Amino acid sequence: MKIALLNLQYDNNYGGNLQRYALITVLQRMGHDVTHLNLRFKFFPESKLQYFKIIFWRIYDRVIHGKRAPIFQEFHQRKKYYRDCQNTESFYNKYIKHTKIIGSKKELSKFQKFDAFIVGSDQVWRKKFTQMHGVESFFFDFVKDSTKRIIAYGASLGSSENELSKEDIEKLTPFYKRFSNVSVRELSALHLLDEYNWSNPQPTLVLDPTLLLNKKDYIDIINNNKTSNCPGNLFCYILDLNNGIEEQINHIAQTKNLCPFFSSLKQNGISVPQWLRAFNDSKFIITDSYHGVLFSIIFQKPFYFFQNQFRGNARFENLQQIFNIQANQEISNFSCINKELEKQKNHSFLFLNNALQYKSF
């Protein structure tokens, strides 16, 4: 079966890149031909005239009102975006079959010749993360043939709070009903979909795709790419560093006699294989990242995690409920986690099998 996979716009996020790799790998092993829809951030309006008007008013505001906003800020944003993505682009090109760059809804609507369309995983149904191309794009409003198989795997709303307006829900409801099978990544999403009266198809809970692969799958990526020795043995993958986190890192490092080293999306960027090696080689992990927690579990490394409200607390709350783990404390006993993980993996694989064999769940 030819499958199109859609998730959030490509960027330098390690978890985002690895979850799409994991889902594609699982689907390929099931015998399917999968292509990632290479959605990218757009920095300029589609109309040149519209952009010239924007530039004119910025110049006007600078000259008349003394505002200091950059006149050509889109060029700076685009340059930074491509610079940030240098660390993950080689992984994406090597491991993920993808379309040409898609920068607009018009370009996205050209991709119709697939047997099935899958959206997920990650926060694909979180409105504030999808504004650039419209949340309706992630409900496949652009797919013209109503007979096409449309599936959601591990779709996330990111928050346990309702972030959709009444108008949003009314607009998206017909598109939700076109899905043949729906699964979500958080328990809170099940409650929200129920609140929206989205019960046909009935959604179910599945794992993030990264947990569907085994440690060996990620070790193979490390071994098949050039990496270097890590500069320490306490990996600190921190997206939003603050004084409280820094103090805890210093405390754990001193208590356990470990040498901390850092990586984030903003600085000290490393390749995807090197990022995986950081988990594999470290004795302890400290993170405020959802996927930082997942890969600590995959590599069976003791870890300590902080919840990150800005990036979606519902994801952390879900992990705590499913695996019975708590933030702000050391987690080193994996026996119960592994037992529940195996149970959830079986359920997640069953969902995918049913969805692609035209069975309800």
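Up top you'll find the structure we're talking about.
Below you will find a few notes about this structure.

Reading guide: rules and limits
- Residues numbered from 1 in each chain as written.
- Predicted model: local features only at pLDDT ≥ 70, side-chain atom pairs only at ≥ 80, totals over all residues.
- Heavy atoms only, no water.
- Salt bridge = Lys/Arg side-chain N within 4 Å of Asp/Glu carboxyl O.
- Helix = DSSP H or I, 4+ residues; strand = E, 2+ residues; numbered from the N terminus.
- Buried < 20%, exposed > 50% of the residue type's maximum accessible area, 1.4 Å probe, protein only.
- Core = buried A, V, L, I, M, F, W, Y, C linked by side-chain atoms within 4.5 Å.
- Disulfide = S-S within 2.5 Å.
- Pairing = 2+ DSSP bridges.
- Contact = heavy atoms within 4.5 Å.
- Axes fitted to C-alpha atoms, helices over the stretch in contact; angles between N-to-C directions.
- Phe/Tyr/Trp six-rings, centres within 6.5 Å; stacked < 30°, edge-to-face > 60°.
- Lys NZ or Arg CZ within 6 Å of the ring centre and 35° of its normal.
- Parallel < 35°, antiparallel > 145°, perpendicular 65-115°, else oblique.
- Left-handed = near helix turned anticlockwise from the far one by under 90°.
- Expected span 1.5 Å × (residues − 1).
- Arc of directions from axis to C-beta.

Considering the pattern of salt bridges
Working definition: two side chains of opposite charge can pair if their charged atoms are close together. For the structure on display, the rule yields 14 salt bridges. Here lysine 105 makes a salt bridge to glutamate 136, at a shortest N to O gap of 3.8 Å. With lysine 105 in helix α5 (residues 105–108) and glutamate 136 in the loop between β3 (116–119) and β4 (149–155), this pair connects stretches of sequence that are 31 residues apart. Of the charged contacts in the structure, one is a salt bridge between aspartate 208 and arginine 185, with a shortest N-O distance of 2.9 Å. With aspartate 208 in the loop between β6 (204–205) and α8 (215–223) and arginine 185 in the loop between β5 (181–184) and α7 (187–195), the pair connects residues that are 23 residues apart, well separated along the chain. On the basis of relative accessible area, aspartate 208 is assigned to the buried category, the value being 1%. One continuous salt-bridge network, built from bridges that share partners, spans Lys105, Glu136, Asp141 and Lys171.

A few points about the nonpolar core
Trp125, Tyr218, Leu276 and Phe323 are the most contacted members of the largest nonpolar core, which has 103 residues in total. Examining the composition of this core, we find that eight residues originate from one element, helix α1 (residues 14–29), more than from any other. In this structure, Ile252, Leu258, Phe284 and Tyr304 belong to the second largest nonpolar core, which totals twelve residues.

As for the state of the cysteines
A complete count under the given rule lists zero disulfides for this structure. Lacking any disulfide linkage, cysteine 259 is separated from the closest cysteine sulfur, that of cysteine 236, by 9.3 Å.

Points about the sheet that holds β6
Spatially, β2-β1-β3-β4-β5-β6 is the arrangement adopted by the six strands of the open sheet, whose pairing is parallel. Across the chains shown, the open sheet's two edge strands, defined by having one partner strand only, are β2 (33–36) and β6. As defined by bridge partners, strand β1 (residues 2–6) adjoins β2 across four bridges and the pair is classed as parallel. Across the sheet, residue alanine 4 finds its bridge partner in β2, namely threonine 35. Against the sheet, helix α13 (residues 335–356) touches β1, β4, β5 and β6, its axis set at about 165 degrees to β4.

Looking at the sheet that holds strand β9 (residues 284–287)
Sheet strands pair via backbone hydrogen bonds, and the direction of the pair is either parallel or antiparallel. Strand order in the open sheet formed by four strands is β8-β7-β9-β10, and the pairing between neighbours is parallel. The sheet is open, and its two edges are formed by β8 (260–263) and β10 (303–305), each paired on a single side. Strand-to-strand twist across the sheet, computed as the mean angle between neighbouring axes with direction ignored, equals 15 degrees. Sheet analysis places β9 next to β10, joined by three bridges and oriented parallel. Within β10, the position partnered with threonine 287 by the bridge is phenylalanine 305.

Looking at the packing of aromatic side chains
Taken as a whole, this structure holds 31 aromatic pairs when the rule is applied. For the pair tyrosine 218 and phenylalanine 295, a centre-to-centre distance of 5.0 Å together with 75 degrees between the ring planes defines the contact as edge-to-face. Of the two residues, tyrosine 218 is situated in helix α8 and phenylalanine 295 in helix α11 (residues 290–298); the sequence distance between them amounts to 77 residues. By relative accessible area, which is 0% here, phenylalanine 295 ends up buried. Each ring, one from phenylalanine 279 and one from phenylalanine 295, has its centre 6.0 Å from the other, and the planes form 45 degrees; the classification is tilted. On the criterion of sequence distance, the pair formed by phenylalanine 279 in helix α10 (residues 272–281) and phenylalanine 295 in helix α11 is long-range, its members being 16 residues apart. Across this residue pair, the class does not change: phenylalanine 279 and phenylalanine 295 are buried. Put simply, the rings of Phe114, Phe117, Trp125, Phe139, Phe140, Phe142, Tyr176, Phe179, Tyr196 and Trp198 pair up and form one aromatic cluster. The ring of phenylalanine 114 has lysine 2 sitting right over it, with the charged end atom 5.8 Å from the ring centre. The residue whose ring lies beneath arginine 126 is phenylalanine 129, and the NZ or CZ to ring-centre distance is 5.0 Å.

Here's the deal with the packing of α1 against α13
Packing of α1 against α13 brings their axes to within 12 Å, and their N-to-C directions diverge by 60 degrees. With respect to α13, the element α1 is oriented oblique. Between α1 and α13 lies a crossing of right-handed hand. Every residue of α13 that contacts α1 at Leu23, Val26 and Leu27 is listed here: Phe349, Leu352 and Leu356.

Description of helix α9 (residues 243–256)
For α9, built from 14 residues, the straight-helix expectation of 20 Å at 1.5 Å per residue is met to within 8% by its first-to-last C-alpha distance of 20 Å. Inspection of α9 places Ile245, Ile249, Ile252 and Ala253 among the buried residues, and these make up the whole buried set. Within α9, the buried residues cover an arc of 100 degrees as seen down the axis, which keeps them to one side. Facing away from the buried side of α9 by over 90 degrees, the exposed positions are Asn243, Glu247, Gln254 and Thr255. Those residues of α9 that are buried are in contact with β7 (234–237), β8, β9 and β10.

Some thoughts on the packing of α1 against helix α4 (residues 86–95)
At a closest axis distance of 11 Å, the pairing of α1 and α4 adopts a crossing angle of 5 degrees. One finds that α1 runs roughly parallel with respect to α4. Along its contact with α1, which presents Tyr14, Asn17, Leu18, Arg20 and Tyr21, the element α4 presents Thr88, Phe91, Tyr92 and Tyr95.

Take it as geometry only, folks, not as evidence of what the structure does.
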